[in-house]
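Here are the chains, one letter per residue:
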Amino acid sequence: MPNTLPTEQSFDEFDEINYPRPEISDFEKVVDRAMSRRALLGRGLGLGAAAFVMGTTALTPMTARADGRFGFTPVPANTLDTVTVPDGYSWHIVAKWGDPLWSDAANFDEATTGTGATQERQFGDNNDGMSLFVDGGRTILAVNNEYTNRSIMYHARETKLPENADDVRKGKAAHGVSVVEVARNDGVWGIVKDSHYNRRITADTPMMITGPAAGHDLLKTSADRSGTTSLGTWNNCGNGKTPWGTYLACEENFNGYFSSSDPEYKPSAELSRYGVGLKDWGYAWATADERFDISKHPNEPNRAGYIVEIDPLDPTSTPKKRTALGRFKHENAEVVIAGNGHVVVYLGDDERGEFLYKFVSNGTYSAGGDNTDLLEDGSIFVAKFADDMRGEWVELTPAATGMKSQAEICIHTRQAASAVGATTMDRPEWVAANPNKVEAYCCLTNNKNRGKKPNKGGDKTPVGGPNPRAGNNYGQIVRWIPDNGDHTATGFAWDLFVTAGNPTVHSDAYAGSKNVTADNTFNSPDGLAFDSTGMLWIQTDGKYSNAGDFANQGNNQMLVGDPETGEIHRFMVGPNECEVTGISWSPDRKTVFVGLQHPGEKGNSHFPGGGSSLPRSVVIAIQRDDGGLVG
Ligand code: FEO
Ligand code: CA
Ligand code: CA
């Protein structure tokens, strides 16, 4: 039966409505009042206060200083249904939803959006994180296909929702990962059809489950009594790339695909913490594939929410779910090799009031050696931030969490982090590590519940530390410097690189930090990556009303920040109702590949085709007209 849910709520909106958090507590009301007073102290609350408290410590106070590190003229905000890049730059489309990857695959059919069979041989929908790999002069792009907009994919159906088994097959095939060879001809990048690298990984591709949780009873199902093999990956948001040449796809809002055929079924508290409940998000997968029915297969959701490691150069390889890196709504996976050779992976859990994590491998990286299973085992830590600009990574062990085993910690990671009193964050999105310095940054995209409501586990979300504003609808970027220049250290110092805001509307803390101006104002930083020179690229997934609190901010956009000076300039503006997400550079840094996801998610875009065409998510390439370096 087609689902009659409203189809285009965000995951967060859906979860909040259908799986509400505990009622507001008296404590939270007190915090809210306190924040209202603190907000009156002025916009110094965020960055200003941080810089003040920092005093003479190692972190660099931020002052705007034009030092020529920006190779472009900033672009103004706009609400055009196209891509805007700086003067002297051009853009073109590399790949879009529905593009055939093989010559015998169908072209995209706008009228119907195709079938399950055609989608399985086409570029997936709603591209998100991506990485570029080079193999003997060939260029391979691995791209997440996070989700689908039901009202666009099923626009030809009366309900605008999947109505039969093939509709569901098409939806599942539009998810996962697309691996495509790309080549540049006459300055224009495009898909190399029939390349032996081309591959679609979907919600039905066989996967291996590895690490501490593999084989645990909570992962066993009637189809997999071993608890070590599963089918598919979906809702892959941000990504990661390892120095040994693998691609990491990060499973985020995996919960929105499960439902219950039994309306009386009572999901466990463990499932509820992850937002798994009786209703899915309108995908109806359980109607055609019983494993998504939690009343019949309650362990199936425990097999999603992981980091998936993929060899992009071997289309016959089996992707591996790396349970050692924990189970939550994974954003991206930022991999760094610490000075002592251990692999450190920074990981955000993108939900209001959830946590920031770090994995440290047991083994050490060896250049040119066998690094295949470095993500198989290691320690997982969660961040605790203190108001004195210090913080600590707390290891999640059975002793620290009261849980029975490391396997259980790797499955119920959120509960483990709650047990050690980790800091509830304003929705940790991408983490990026500076290639020039031992420091890392994380986008805390926004959190309307800050200071107002606990997280789904009932943990309080007081205003303070790196989450300094109640009802935070603009977001901020936190930065930390590990002690002793060592990413495996448990202590760190932190500050805020930027608190986003709108100085054209507010004059208090909601105006943003000093490096936010009328010219670069933005909200909801999400995608985040350093280029090879150490400049920080910031992509937004926020409100695009261009009105009220968001006046003069225009469409979602991409900005570049200088970590040394704090200066931020807008590089690109996306088309209407899109999110800008996913970024990768060609090795010569003459092309930057950027993802534009869900243009027209609310029905108001015809990007990229124009006219009355169906909006489609795309990967674009941006280059300088003079062939110079980008950025
Ligand atoms: Fe898929 Fe947290 O964004
Ligand atoms: Ca994101
Ligand atoms: Ca986001």
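> Where do I start with the coordination of the calcium ion (ligand 3) in this structure?
Expected angles at a metal are 109.5 degrees for tetrahedral coordination by four donors and either 90 or 180 degrees for octahedral coordination by six donors. E429 (OE), D526 (OD) and D541 (OD) make up the full set of protein donors to the calcium ion (ligand 3), lying at 2.3 to 2.4 Å. Site description for the calcium ion (ligand 3): donor spacing in sequence, E-x96-D-x14-D. Metal-to-metal, the separation of the calcium ion (ligand 3) and the calcium ion (ligand 2) is 3.9 Å; E429 coordinates the two. Of this pair, E429 sits in strand β18 (residues 428-433) while D541 sits in the loop between β23 (536-540) and β24 (557-561); the two residues are 112 residues apart in sequence, bridging distant segments of the chain.

> Got a minute to help me understand the sheet that holds strand β28 (residues 618-624) in this structure?
Strand pairing in a sheet relies on backbone hydrogen bonds. The paired strands run either parallel or antiparallel. Across the sheet, four strands lie side by side as β1-β28-β27-β26; this open sheet has antiparallel pairing. Each edge of the open sheet carries a strand with a single partner, namely β1 (89-96) and β26 (579-585). Between one strand and the next, the sheet's axes are offset by a mean angle of 25°, whatever the strand orientation. In this structure, strand β27 (residues 591-597) lies alongside β28, joined through six bridges in antiparallel fashion. Within β28, the residue paired with F593 across the bridge is A621.

> Please clarify how the pattern of salt bridges should be interpreted in this entry.
Where charged atoms from two side chains of opposite charge come close, those side chains can pair. Inspection of the entire model under this criterion finds 39 salt bridges. Of the charged contacts, one joins D104 and R121 as a salt bridge, the two residues approaching to 2.8 Å between their closest N and O atoms. Of this pair, D104 sits in the loop between β1 and α4 (116-119) while R121 sits in the loop between α4 and β2 (127-135); the two residues are 17 residues apart in sequence, bridging distant segments of the chain. On the basis of relative accessibility, which here comes to 62%, the residue D104 falls in the exposed class.

> Honestly, the pairing of β27 in this entry has me stumped. Any pointers?
Along any regular strand the residues' side chains alternate between the sheet's two faces. In terms of burial, β27 is a largely internal element, seven of the seven residues being buried. Here β27 shows two buried faces, one formed by T591, F593, G595 and Q597 and the other by V592, V594 and L596. Two elements, β26 and β27, share five bridges in a ladder whose sense is antiparallel. Each residue of the ladder has a partner; that of W585, found in β27, is V592. Counted along the chain from β26 to the antiparallel partner β27, the turn is five residues long, and its residue R589 has a positive phi close to 55°.

What counts and how
- Per chain, residue numbering runs from 1 following the sequence as it is written.
- Written order decides the labels, with chains lettered from A and ligands numbered from 1.
- In view of the model being predicted, local features appear only for residues whose pLDDT reaches at least 70, and side-chain atom pairs are presented and counted only at 80 or more, with totals across whole chains, interfaces and linings using the full set of residues.
- Note: side-chain values were computed over all heavy atoms of the structure, leaving out hydrogens and water.
- Counted as donors are N, O and S atoms no farther than 2.8 Å from the metal, or 3.2 Å for Na, K and Ca; water is not among the atoms, and sites may therefore look incomplete.
- The way it works is that DSSP assigns letters per residue, a run of H or I at least four long becomes a helix, a run of E at least two long becomes a strand, and they are numbered from the N terminus.
- Two strands pair if DSSP finds at least two bridges between them.
- To get an axis, fit a line to the C-alpha atoms, keeping to the stretch in contact for a helix; angles then go from 0 to 180 degrees between the N-to-C directions.
- A carboxyl oxygen of Asp or Glu within 4 Å of a side-chain nitrogen of Lys or Arg is what we treat as a salt bridge.
- Accessible area is worked out with a 1.4 Å probe on protein chains only. A residue is then buried under 20% of its type maximum, exposed over 50%, and partly exposed in between.

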